[in-house]
Amino acid sequence: MTKSSSGDYENVKTEIEEVEIRVVTGTSPVVPVEVVEVFLGFARKFVGNKEKIALMTKDNKELKDKVILYVEAMPGFRGIRSGPDDLGLLVVRKEEVFWDQELLKASLGTVYPALVAEEVVATVIIPPGVFSEEKLREGLEQLLKKGGVPPDDIPKLLETNTTLRIDVEKLDELIEAKRVKLLPGTKEVEIGWTIDAERLKTSQKLKGKKKAAA
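Residues numbered from 1 in each chain as written. Predicted model: local features only at pLDDT ≥ 70, side-chain atom pairs only at ≥ 80, totals over all residues. Heavy atoms only, no water.

**Topic: the nonpolar core**
Buried together is how nonpolar side chains tend to be arranged in soluble globular proteins.
Then comes step 1: Formed by Leu104, Leu108, Tyr112, Leu115, Val116, Ile166, Leu171, Leu174 and Val180, the largest nonpolar core amounts to nine residues.
Then comes step 2: Elements that contribute at least two residues to this core include exactly α2 (101-108), α3 (112-115) and α7 (168-176).
Then comes step 3: Those residues in contact with Leu108, other than ones at most four positions away along the chain, are Leu115, Val116, Leu171, Val180 and Leu182.
Then comes step 4: If you look at the next biggest cluster of nonpolar residues, it comprises five residues, including Val12, Ile21, Val23 and Val36. (Core = buried A, V, L, I, M, F, W, Y, C linked by side-chain atoms within 4.5 Å. Buried < 20%, exposed > 50% of the residue type's maximum accessible area, 1.4 Å probe, protein only. Helix = DSSP H or I, 4+ residues; strand = E, 2+ residues; numbered from the N terminus. Contact = heavy atoms within 4.5 Å.)

Below, the structure is given as structure tokens:
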């Protein structure tokens, strides 16, 4: 059998024309031609499925863009159900809100503490075998120092960030009463859409409220 090397693997010719098996460099496994044929069948299906998935992913991205285009153009329109086709499709609107903490403080002034709770979340990476659970309670930074971690390395192991828990309902009331005005950039809202497409859970005849206007 003729071999052609490629890094950690070698391509070895088989009895089937233009078909090679790939083996770990330096090894010579005995693979019967019957096994090669079966394995080739697996490979064909695997590659075919991979190509279908890639094509479906691209097609679904294009379909999603088209679906969202229609939903955005007609406020209130969110999907469709079809008994004969045994399918339902629902488009769900998602909102994600981002707050600029400094601008929020400047906007709210003295009412900031009453409306916003700052929650500090800490994540620490503990070097294996250095600390016990009991010592962890003594304090994260001090514990890292006691374990022999250089002070300059502590920021690399200890990550903290502050999350804001805002009384949005009260804030909206103050804004509506014109007692508070948010500075530009304080609140950013990102709108997204998710699509839920599935077979209907019941075979019963669909009963809508009324026929949609043409």
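There's plenty left to go through after this.
**Here we look at the pairing of strand β3 (residues 20-24)**
Then comes step 1: Note that strand β2 (residues 9-13) and β3 share five bridges and pair antiparallel. Opposite Glu10, over in β3, you have Val23 as the bridge partner.
Then comes step 2: Linkage of β2 to β3, two consecutive antiparallel strands, is achieved through a turn of six residues, within which Glu18 is found at a positive phi near 65°. (Pairing = 2+ DSSP bridges.)

**Regarding the sheet that holds strand β5 (residues 87-99)**
Strand pairing within a sheet occurs via backbone hydrogen bonds; the two strands may be parallel or antiparallel.
Then comes step 1: Taken in spatial order, the three strands make up an open sheet running β4-β5-β8, and their pairing is antiparallel. If you trace the sheet from one side to the other, it starts and ends with β4 (79-82) and β8 (187-198), each paired once. Across the sheet, the mean angle from the axis of one strand to that of its neighbour is 20°, orientation sign disregarded. (Axes fitted to C-alpha atoms, helices over the stretch in contact; angles between N-to-C directions.)

**Points about the pairing of β4**
Then comes step 1: Bridging between β4 and β5 involves four bridges; their strand directions are antiparallel. Note on β5: the bridge partner recorded for Gly79 is Leu90.
Then comes step 2: Hairpin remark: β4 followed by β5, antiparallel, with four residues in the connecting loop; positive phi at Asp86, about 55°.

**Describing the side chain of Asn11**
Then comes step 1: Secondary-structure assignment places Asn11 in strand β2.
Then comes step 2: Among the polar contacts made by the side chain of Asn11, one reaches the side chain of Arg22 at a distance of 3.0 Å. (Polar contact = N/O pair within 3.5 Å; in protein donor to acceptor, adjacent residues only side chain to side chain.)

**Thoughts on a negative patch on the surface**
Then comes step 1: Among the surface-exposed residues, Glu96, Asp100, Glu102, Glu188 and Glu190 lie close enough to one another that they form a single negatively charged patch.
Then comes step 2: As for its placement among the helices and strands, Glu190 is situated in strand β8.
Then comes step 3: Owing to a relative accessible area of 49%, Glu190 belongs among the partly exposed residues under this scheme. (Patch = residues over 30% accessible without salt bridge, like charges linked within 9 Å, V, L, I, M, F, W, Y side chains within 5 Å. Areas by Shrake-Rupley, 256 points an atom, 1.4 Å probe, with all protein chains shown as cover. Salt bridge = Lys/Arg side-chain N within 4 Å of Asp/Glu carboxyl O. Lys, Arg positive; Asp, Glu negative; His and termini not counted. Charge placed at Lys NZ, Arg CZ, Asp CG, Glu CD.)

**Brief notes about a nonpolar patch on the surface**
Then comes step 1: Judged by side-chain polarity, Leu69, Tyr70, Met74 and Phe77 come together as a nonpolar surface patch covering roughly 430 Å² of accessible area.
Then comes step 2: If you trace the backbone, Tyr70 turns up in helix α1 (residues 33-73).
Then comes step 3: Looking at Tyr70, the relative accessible area reads 54%, which means it is exposed.

**Quick word on α1**
The α-helix winds at 3.6 residues per turn, so residues separated by three or four positions along the chain end up facing the same way.
Then comes step 1: In this model, α1 (41 residues) spans 60 Å end to end at C-alpha, consistent with the 60 Å of a helix rising 1.5 Å per residue.
Then comes step 2: Restricting attention to buried positions, one finds in α1 the residues Val36, Ile68 and Val71.
Then comes step 3: Each element contacted by the buried residues of α1 is listed here: β3, β5 and β8. (Expected span 1.5 Å × (residues − 1).)

Purely geometric stuff here, so don't read any function into it on its own.
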